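Here is what each chain is made of, one letter per residue.
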Amino acid sequence: MKRLFSGLLMALLFSGLFFLSFTNPAAASTGVVTLKLSSSQATVDGAVYDLPAAPVVKEGVTLVPLRFLVETLGMEVSWDSLTREVNISTQEGRVQLKPGSKTAVVKGEMQQLPCAPVISNGTTLVPLRFVAETFKYQVNYDTFNREIRLEPPLPPPPPPPPNRPPVARFEVEKTTVAQGETVIYRDESYDPDGDGLVEVKWTGKQRAFFKPGEYTVTLQVRDSRGAWSEIASKTITVTREVVMDEITYNLHNPIPGEPLDLSGIEVLQLPVVNPATTMNREMLMVSNSPEIFTREGILYTDTIQGDTRLYYHHINGSTVSQRVYLLATNQGLETAAVTIKRQALAGPGDPMAAGRAATYRYLAADTGQVRTIYIKPGETRILMEDSRPIAPGLCVHGILDLNTDREVQLTILALEKGDPVTAYRKLPVLPPDGIHIRGTFPRASRFLSVHLHENKPARLIIADGDGDSFLYGRDGTTNLVGYNKGNYGVSYEITIESKYRMGVFFSPRGGPFAGAATWEGQPFYLPNRGMLNPPNQGALVGIIEPGQRKTLRFMPPAASYLPINLIFIPF
């Protein structure tokens, strides 16, 4: 209410000044008023005027002459001798004051004053604070000169102009190129308001093209205020001239994860290399069955001790939102320490997208961020919970590396609502779906050493269940034994040494694939856009120079298909 009232006062101020400038010198003010304690003169925008009474201090409150200030601001002041009230009239309403009373009425609402108005020699004096707050003036007090300066608030800044959308624009160095010729793009997009460009969306953009024809490349950009540009497009004509084929081009311009066409390579006819393989004692708990759960329950549980990797991947198949929790229960007689050494979560979302994202985050995780949770005997603690509810039809995925110094029971459960620590003992163990993997498996990490001594193509087979055997373990809820078909959750560290210059390519063989890997410690998506569809689609991993040794770290991603082949091509 005060803001609305003060706004009207300010509007009336300027109209009043225009009218009163011919009749009342004091009303010619543009709003800057200077008063001095015990002085009967004031200045209004530098002009000196006589006051009917000097400002005074009473009970620590500065009192100023009301009529002079209000009329200077273009208002009308009247005295009601019957009610002994001071009335300030505006088009919006009235302000009513009463000498001797600390209560004022501002447009019908009661307001308390710091000090009651007083009448001195026929002049009403009111608290300066009331004047400043009512008229929204800034008050500055010069203690040395005992001066009071009232300044009107700055006018509000003008509203910002409407957001103009950004402009997408790009150039290509040549619009006609040969096959395997690098296309040079120059993004010249801009925002006419100077806003930052926060998202760039290309379609059809390729470093080089490998089939003749006409290709349309488009660009659209979004600014920091959410506006999208119009789509800019150009047509690139690819001639029949061949500078490089696709494989040769990628070998000479390597980008890890870059997708490419491997149809020119008869992958399954290449000789198979036999790596030297070692494994560690780390355990692997896989919770992926039932992959689609339709009600609350325990998805998997088992007792572990030592180094363990937990790998879960589940889709909410119920009709309500659910949450997935990881609990740890200490069934022993001494306090147990559970150390989480590495953690990667993804979702809720598409199953393949969650598998791709969690694998990348796991491989890229900072292993220095370790946390330890202490669990008392008989106590159950939440080790992990997905922060967002899982809507029906969406998937969550998690990969965690743990170490426990005592036997601890790990439980993965789905719960609609409530406290999982108190609820889990009453929840049923959900049966496996008979298709996906569930169980606890020893030897969760494999270390492969590949030596390439010949200057000819070769391949390495991973997760086929034959040359690279599947893990064998048991279901902790049913005691049934079985294989981890696909070796999901297994960490592969593949060291490759070559006598000759080699290109390393990735070729999925079982079905659609979207995952991640690291090459010499640098994580990358595999492929770096979209997904791979066998048998002809593959991706570049990297280049090995003669005598070099390089390392690929890989984990089969959830919802993708195995096996895969690593292909080695000399060049």
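Please read these numbers as outputs of a predicted model, since none were measured by experiment.

**Here we look at the overall build of the protein chain**
On a plain count of helices and strands, the protein chain comes out with 6 helices and 42 strands. Taking 2.2 N^0.38 as the reference for a compact globule, 571 residues should give roughly 25 Å; the C-alpha atoms of the protein chain span a radius of gyration of 39 Å, well beyond that estimate. With respect to the three principal axes, the spread of C-alpha positions in the protein chain is 110 × 75 × 45 Å. Counting across all 571 residues of the protein chain, residues that qualify as buried make up 47%. Pairs at least 24 apart in sequence give 72% of the contacts found in the protein chain among residues at least 6 apart. Accessible area for the protein chain stands at about 27300 Å²; split by element, carbon and sulfur atoms hold 51% of it. If the 56 positive side-chain charges of the protein chain are averaged to one point and the 57 negative ones to another, these points end up 4 Å apart.

**Overview of the pattern of salt bridges**
Under the counting rule described, the total for this entry stands at 23 salt bridges. Linking Lys 341 and Asp 307 is a salt bridge whose minimum nitrogen-to-oxygen distance equals 3.1 Å. Of the two residues, Lys 341 sits in strand S27 (residues 336-349) while Asp 307 sits in strand S25 (residues 297-316), which places them 34 residues apart along the sequence. The exposure class of Asp 307 is partly exposed, given its relative accessible area of 35%. Linking Asp 401 and Arg 309 is a salt bridge whose minimum nitrogen-to-oxygen distance equals 3.1 Å. On the criterion of sequence distance, the pair formed by Asp 401 in strand S30 (residues 395-415) and Arg 309 in strand S25 is long-range, its members being 92 residues apart. As far as burial versus exposure is concerned, Asp 401 and Arg 309 are alike and both buried.

**Here we look at the sheet that holds strand S22 (residues 276-279)**
Pairing in this open sheet of 6 strands is mixed, and the strands run S22-S32-S36-S41-S38-S39 from one edge to the other. Each of the sheet's edge strands pairs with one partner strand only, and the pair in question is S22 and strand S39 (522-526). Here the average twist between neighbouring strands, direction ignored, is 20°. Note that strand S36 (residues 491-498) and strand S41 (residues 549-554) share 6 bridges and pair antiparallel. Along S41, the bridge assignment pairs Ile 494 with Leu 552. Strand contacts of helix H5 (residues 351-364): strand S38 (515-519), S39 and S41, with the helix running at about 20° to S38, the strand carrying the most contacts.

**Digging into the environment of Thr 422**
One can find Thr 422 in helix H6 (residues 420-423). Residue classification places Thr 422 among the exposed residues on the basis of a relative accessible area of 53%. Separated by 42 residues in sequence, Thr 422 and Thr 380 place their C-alpha atoms 9.0 Å apart.

**Looking at unusual backbone geometry**
Of the consecutive residues Leu 526 and Pro 527, the connecting peptide bond is found in the cis state with omega at 5°. Position of Pro 527 among the secondary structure elements: in the loop between S39 and strand S40 (537-544). At Asp 45, a residue that is not glycine, the phi angle is positive and equals roughly 50°. Considering the arrangement of structural elements, one finds Asp 45 in the loop between strand S2 (41-44) and strand S3 (47-50). A positive phi angle, close to 50°, is found at Lys 107, a residue other than glycine. Along the polypeptide, Lys 107 turns up in the loop between strand S9 (103-106) and strand S10 (109-112).

**A word on the nonpolar core**
Judged by nonpolar contacts, the single largest core of 51 residues is most densely connected at Leu 460, Ile 462, Ile 494, Ile 496, Phe 506, Leu 566 and Phe 568. In terms of residue count, the dominant contributor to this core is H5 (5 residues). Setting aside chain neighbours within four positions, we find Ile 494 in contact with Leu 448, Val 450, Leu 460, Ile 462, Lys 550, Thr 551, Leu 552 and Leu 566. By size, the runner-up hydrophobic cluster in this structure holds 28 residues, among which are Ala 42, Val 77, Val 86 and Ala 104.

**Side note on the side chain of Thr 123**
The residue Thr 123 is located in strand S12 (residues 123-127) in this model. The exposure class of Thr 123 is buried, given its relative accessible area of 11%.

**Regarding the environment of Val 48**
Along the polypeptide, Val 48 turns up in strand S3. Residue class for Val 48 comes out exposed when judged on its relative accessible area of 52%. When the C-alpha positions of Val 48 and Ser 224 are compared, they lie 52 Å apart, and in sequence the two are 176 residues distant. Sequence-distant contacts of Val 48, defined by excluding residues within four places in its chain, comprise Gln 41, Ala 42 and Thr 43.

**With respect to the side chain of Gln 220**
Residue position: Gln 220 is located in strand S19 (residues 213-223). Judged by its relative accessible area of 17%, Gln 220 is buried.

**Concerning the sheet that holds S19**
Read across the sheet, 4 strands follow the order S16-S20-S19-S18 without closing on themselves; strand pairing throughout is mixed. Each edge of the open sheet carries a strand with a single partner, namely strand S16 (176-179) and strand S18 (197-203). The mean inter-strand angle of the sheet, taken between neighbouring strand axes irrespective of direction, is 30°. Here 7 bridges tie S19 to strand S20 (residues 232-242), and the two strands are oriented antiparallel to one another. Each residue of the ladder has a partner; that of Leu 219, found in S20, is Ala 232.

**Here we look at the pairing of S39**
Across 5 bridges, the pairing between S38 and S39 is antiparallel. From the neighbouring strand, Ala 516 faces S39, where its bridge partner is Tyr 525. In textbook terms, the turn of a hairpin is the stretch between consecutive antiparallel strands, and for S38 and S39 this stretch comprises 2 residues, one of which, Glu 520, has a positive phi near 55°.

**Some thoughts on the pairing of strand S32 (residues 445-452)**
Examined bridge by bridge, S22 and S32 share 4 bridges and lie antiparallel to one another. Residue pairing across strands places Thr 277 opposite Leu 448, the latter belonging to S32.

**Describing the packing of aromatic side chains**
The tally for this structure, following the rule as stated, stands at 10 aromatic pairs. Note on Phe 170 and Trp 202: the rings are 5.0 Å apart at their centroids and 70° apart in plane angle, and the pair reads as edge-to-face. Remark: Trp 202 occurs in strand S18 and Phe 170 occurs in strand S15 (residues 170-172); sequence separation between them is 32 residues. Overall, Trp 202 belongs to the partly exposed group, its relative accessible area being 23%. Aromatic pair Phe 513 and Phe 554: ring centres 6.3 Å apart, planes at 20°, arrangement stacked. Of this pair, Phe 513 sits in the loop between strand S37 (502-508) and S38 while Phe 554 sits in strand S41, and the two are 41 residues apart along the sequence.

Rules behind the numbers
- The residue count restarts for each chain, going from 1 along the sequence in the order it is written.
- Given that this is a predicted model, residues contribute local features only at a pLDDT of at least 70 and side-chain atom pairs are listed and counted only at 80 or more, while totals for whole chains, interfaces and linings are drawn from all residues.
- Hydrogen atoms and water are omitted, and side-chain values are computed over all heavy atoms in the structure.
- Runs of E in the DSSP output that reach at least two residues are strands. Runs of H or I that reach at least four are helices, and both are numbered from the N terminus.
- For the radius of gyration, the atom set is restricted to C-alpha positions; the globular benchmark scales as 2.2 Å times the number of residues to the power 0.38.
- Partly exposed describes any residue whose relative accessible area lies between the buried limit of under 20% and the exposed limit of over 50%, with all areas from a 1.4 Å probe on protein chains only and scaled to the type maximum.
- Residues are treated as being in contact if the distance between any of their heavy atoms lies within 4.5 Å.
- For the accessible areas, the method is Shrake-Rupley and the probe is 1.4 Å, while residue cover comes only from the protein chains on display.
- Two residue types count as positive, namely Lys and Arg, and two as negative, namely Asp and Glu; His and chain ends fall outside the count.
- Throughout, a charge is located at the NZ atom of Lys, the CZ atom of Arg, the CG atom of Asp or the CD atom of Glu.
- Only one rule defines a salt bridge in this text: a Lys or Arg side-chain nitrogen within 4 Å of an Asp or Glu carboxyl oxygen.
- Note on pairing: DSSP must find at least two bridges between two strands before they are called paired.
- Axis definition: a line fitted to C-alpha atoms, over the contacting stretch in the case of helices. Angles run 0 to 180 degrees between N-to-C directions.
- What makes a nonpolar core is a set of buried Ala, Val, Leu, Ile, Met, Phe, Trp, Tyr and Cys residues whose side-chain atoms join them at distances within 4.5 Å.
- Here a Phe, Tyr or Trp ring, Trp counted by its six-membered ring, pairs with any other such ring whose centre lies within 6.5 Å, and the pair is stacked when the planes are under 30 degrees apart, edge-to-face when over 60, and tilted otherwise.

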